[in-house]
Amino acid sequence: HLLEQAGVAYQALSLFEPALRTETDIASAVLDGKADCAVAIASAARRYRLGFVPLQRERFDLAMGRHDYFAPSLQRLMWFTRSEQFRAYASELSGYDVTRTGEVIH
C-alpha cells in the first residue's frame, strides 16, 4: 500500500531470495552494503546504529474470551506488562509505546 501511494512498482525493488527472516539479518544486510534500506523496527535500527524513518504505527491487541482472561498464566502476563521492569525494558529498546499495554478494552 505504501509503495502504491509513493508510485513505486513492487517489481522495481531488488529483493533478497530467500527473504530475510530476522531483524538481525536485515540490519546485517544494510550494514554490509547489500541493501540500501529495509523494513524493520526502530529498536533494531537503534541497536545497530542505523538510521530509522517510521513508516507506520501498529497496534497489537490480544483477543480472548472473558473466562480465559482470568486464567492464572494470562493474569501473570497482564501483571508483567504493567510492571515497571517491562516498561523500562520497552523504553530502553525504543520505538514502543506501552502506555496502554494491559488495558482491558471491552
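All values derive from a computational prediction rather than experimental measurement. (Residues numbered from 1 in each chain as written. Predicted model: local features only at pLDDT ≥ 70, side-chain atom pairs only at ≥ 80, totals over all residues. Heavy atoms only, no water.)

Draft legend 1. Structural view of the packing of aromatic side chains. Evaluation of the coordinates by the stated rule reveals two aromatic pairs. Where Tyr69 meets Phe70, the ring centres are 5.2 Å apart and the plane angle is 85 degrees; that geometry is what we call edge-to-face. Look at Phe80 and Phe86: their rings are 5.4 Å apart centre to centre, the planes differ by 70 degrees, and that puts the pair in the edge-to-face class. (Phe/Tyr/Trp six-rings, centres within 6.5 Å; stacked < 30°, edge-to-face > 60°.)

Draft legend 2. Just unusual backbone geometry, in detail. At Arg49, a position not held by glycine, the phi torsion is positive, near 55 degrees. Within the element layout of this structure, Arg49 appears in the loop between helix 3 (42-47) and helix 4 (66-69). One non-glycine residue, Ser94, lies in positive phi territory at about 70 degrees. As for its position among the elements, Ser94 is in the segment after helix 6 (84-93). (Helix = DSSP H or I, 4+ residues; strand = E, 2+ residues; numbered from the N terminus.)

Draft legend 3. Looking closely at a nonpolar patch on the surface. There is a patch of nonpolar side chains on the surface, built from Leu3, Val8, Tyr10, Leu13 and Leu15 and spanning about 420 Å² of accessible area. With respect to the secondary-structure elements, Leu13 resides in the loop between helix 1 (2-6) and helix 2 (23-31). For Leu13, a relative accessible area of 36% puts it in the partly exposed group. (Patch = residues over 30% accessible without salt bridge, like charges linked within 9 Å, V, L, I, M, F, W, Y side chains within 5 Å. Areas by Shrake-Rupley, 256 points an atom, 1.4 Å probe, with all protein chains shown as cover. Salt bridge = Lys/Arg side-chain N within 4 Å of Asp/Glu carboxyl O. Buried < 20%, exposed > 50% of the residue type's maximum accessible area, 1.4 Å probe, protein only.)

Draft legend 4. Region of interest: the side chain of Ser83. By the element assignment, Ser83 lies in the loop between helix 5 (72-81) and helix 6. Looking at Ser83, the relative accessible area reads 12%, which means it is buried. A distance of 3.2 Å separates the side chain of Ser83 from the backbone nitrogen of Phe86, its partner in a polar contact. (Polar contact = N/O pair within 3.5 Å; in protein donor to acceptor, adjacent residues only side chain to side chain.)

Draft legend 5. Fine view of the confidence of the model for the protein. Overall, the predicted model of the protein reaches an average pLDDT of 89, with 100% of residues at or above 70. Here helix 1 stands out as the element of the protein with the lowest mean pLDDT, 87, in contrast to helix 5, whose mean of 93 is the highest. (pLDDT = per-residue confidence, 0-100.)

Draft legend 6. Structural context of the environment of His67. Mapping His67 onto the fold places it in helix 4. For His67, a relative accessible area of 70% gives the class exposed.

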